[in-house]
Amino acid sequence: MIRSKIISTGSFLPSKVLSNAELSTMVDTSDEWITERTGIKERRIADVNKTTSDLAYEASKKALKNAGLKASDISLIIVATISGDMPFPATACLVQKKLNAKNAAAFDVNAACSGFIYALSIADSFIRSGVHKKILVIGTEILSRFTDWKDRSTCVLFGDGAGAVLLEGHKGKSGILSTHLYSDGNLWDLIQIPAGGSLKPASLDTVNNRLHTISMKGNETFKFAVKTLGSLVDKTLEHNKLSPSQLTLLIPHQANHRIIQAVASRIGLSMDKVMMNIQKCGNTSAASIPIALDDANRAGKIKKGDYILLEAFGGGLTWASALIRW
Ligand code: UT7
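Quick caveat: nothing in here was measured; it's all calculated off a predicted structure.

A. Local environment of the packing of aromatic side chains. Under the counting rule described, the total for this entry stands at two aromatic pairs. For the pair Tyr182 and Trp319, a centre-to-centre distance of 5.9 Å together with 15° between the ring planes defines the contact as stacked. Taken together, the residues span a long stretch of sequence, with Tyr182 in strand β8 (residues 175-183) and Trp319 in strand β13 (residues 318-325) at a distance of 137 residues. Relative to Trp319, the ring of Phe224 has its centre 5.2 Å away and its plane inclined at 70°; by these criteria the two rings are edge-to-face. Pair noted here: Phe224 is in helix α8 (residues 218-239) and Trp319 is in strand β13, with a separation of 95 residues, a long-range link. The residues Phe224 and Trp319 share a single accessibility class, namely buried. An aromatic cluster of at least three residues, connected via ring pairs, comprises Tyr182, Phe224 and Trp319.

Written out as structure tokens, the structure reads:
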């Protein structure tokens, strides 16, 4: 049986740091409120001359180098993002150009913060069916360009960054064991960028009313996440006949430390088995899980044979999980 295996990881964070203290000079907030309610201490902000595909390119170069592969070895690039360089072409095509990955097909996936797991699931299907041998899966965001810096309920949350993994088919026990994807479009208006699409094309009005930035019903999203992620994790473990104690690491979407702790506590997992880098990255949407995975990998927290559970939720609403045997 062919499974898809993550053979390498890579990530990239812009060097500019925006601290809670600096944010407190921009809107009516405080380091204390942000730290206590979200767990975030700082986030990274991309340089004005950089684009979302530039961040993806940097993360991908590292993943390729770590795998000892050339860009021309890849036959597919999937980019998960909600903050692409432009509405079209796909950011994945711009990454392909920058990498000179001349043998790759390329497309984007939009499932907001669940996007990386959605992209991983698509890549996994292509590899198990034998259609593709080596796939580059990327989560990349420059959310700072879509942030309303006057809205304290959202501007303290988001950050920029990119993470990438290389998947390869192999015969053996390790690899992606299962992926689980869900959505509920009835809840589309909980997190959105209201304008810039066919519903509300860009106009003077949309710009003046700041409709090109993220708007969120934070508290409703929070409650939905806590309720849904707990049962998602249960279902994912049950599907693989695993108990929580067999997990080496839970790598959750880094949206809020209280959501992460609630999920860990529901399955009785101690926090030392939960990957958290929200304090330095904030919420980087589709990039959050691949950045956390790369951080965990480089810190030596994952070893061959370990069971790792990825889980995320986000705009759509969407939610998703993946169980990996490393
Ligand atoms: O990636 C997936 C997408 N999004 C999420 O995961 C976000 C999920 N939601 C959350 O993480 C939380 O709901 C937030 C962190 C966004 C907000 O925390 P909360 O505990 O749900 O606060 P709240 O929205 O109920 O607001 C509580 C109070 C309000 O004041 P009043 O009405 O009680 O006087 C807000 O105005 O906190 C106030 N507030 C702030 N105060 C200081 C909201 N934002 C801030 C802020 N600084 N930045």
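B. Summary view of the sheet that holds strand β12 (residues 307-314). Taken in spatial order, the four strands make up an open sheet running β8-β13-β12-β11, and their pairing is mixed. Strands with a single pairing partner mark the edges of an open sheet, and in this sheet they are β8 and β11 (247-252). The average undirected angle you get between the axes of adjacent strands in this sheet is 10°. Two elements, β11 and β12, share five bridges in a ladder whose sense is parallel. In the sheet register, Leu249 faces β12, and the bridge partner there is Ile308.

C. Spotlight on the sheet that holds strand β1 (residues 2-12). Ordered in space as β1-β7-β6-β4-β5, the five strands form an open sheet in which the pairing is mixed. Strand pairing shows two members of the sheet lacking a second neighbour, β1 and β5 (105-109), which therefore form its edges. Averaged over neighbouring strand pairs, the angle between their axes works out to 20° when direction is ignored. Strands in contact with helix α3 (residues 52-67) are β1, β6 (134-142) and β7 (160-171); relative to β1, the strand with the most contacts, it is inclined by about 120°.

D. Representation of the site of the ligand within the structure. For the ligand, the set of nearby residues contains 21 residues, the closest of which are Thr29, Arg37, Asn219, Asn256 and Asn283. In the model, an oxygen atom of the ligand is placed 2.7 Å from a nitrogen or oxygen of the Asn219 side chain. Between the ligand and the protein, one listed contact pairs an oxygen atom with a side-chain N or O atom of His253 at 2.8 Å. In the complex, 72% of the free accessible area of the ligand, which totals 950 Å², lies under the protein chains. Secondary structure elements with two or more residues in the shell around the ligand: α2 (31-38), α6 (152-155) and α8. Split into classes, the residues belonging to the shell around the ligand amount to nine nonpolar, eight polar and four charged. Both domains that meet at the shell around the ligand, namely domain 1 (2-172) and domain 2 (177-325), each give it at least three residues.

E. Structural detail: the domain arrangement of the protein. If you check the domain split of the protein, you get domain 1 (2-172) and domain 2 (177-325). Taking only C-alpha atoms into account, the centre of domain 1 sits 14 Å from that of domain 2. In this complex, domain 1 contributes 47 residues to the contact, which on the side of domain 2 involves 45 residues. Together domain 1 and domain 2 conceal approximately 3,700 Å² of surface at their shared face, both sides included; 62% is due to carbon and sulfur atoms. Summed over the three residues of domain 1 that lose the most area to domain 2, namely Cys113, Ile117 and Tyr118, the buried surface amounts to 18% of that side. At the junction of domain 1 with domain 2, the criterion picks out one salt bridge. The residue Arg210 makes a salt bridge to Asp148 at a minimum N-O spacing of 2.9 Å. Where domain 1 packs against domain 2, one counts 21 residue pairs in polar contact (both at pLDDT 80 or more). Of all elements in the fold, only β1, α2, β3 (42-45), α5 (115-128), β6, α6 and β7 reach the threshold of two or more residues within the side of domain 1 that touches domain 2. Take the side of domain 1 that touches domain 2: its biggest share by element is six residues, from β7. Here the side of domain 1 that touches domain 2 is built from residues that sort into 19 nonpolar, 17 polar and 11 charged.

So, how was this worked out
- Residues numbered from 1 in each chain as written.
- Predicted model: local features only at pLDDT ≥ 70, side-chain atom pairs only at ≥ 80, totals over all residues.
- Heavy atoms only, no water.
- Phe/Tyr/Trp six-rings, centres within 6.5 Å; stacked < 30°, edge-to-face > 60°.
- Helix = DSSP H or I, 4+ residues; strand = E, 2+ residues; numbered from the N terminus.
- Buried < 20%, exposed > 50% of the residue type's maximum accessible area, 1.4 Å probe, protein only.
- Pairing = 2+ DSSP bridges.
- Axes fitted to C-alpha atoms, helices over the stretch in contact; angles between N-to-C directions.
- Contact = heavy atoms within 4.5 Å.
- Near = heavy atom within 4 Å.
- Polar contact = N/O pair within 3.5 Å; in protein donor to acceptor, adjacent residues only side chain to side chain.
- Areas by Shrake-Rupley, 256 points an atom, 1.4 Å probe, with all protein chains shown as cover.
- Nonpolar A, V, L, I, M, F, W, Y, C, P; charged D, E, K, R; others polar.
- Domains from an automatic or database assignment.
- Buried area = accessible area lost by both parts, 1.4 Å probe.
- Salt bridge = Lys/Arg side-chain N within 4 Å of Asp/Glu carboxyl O.

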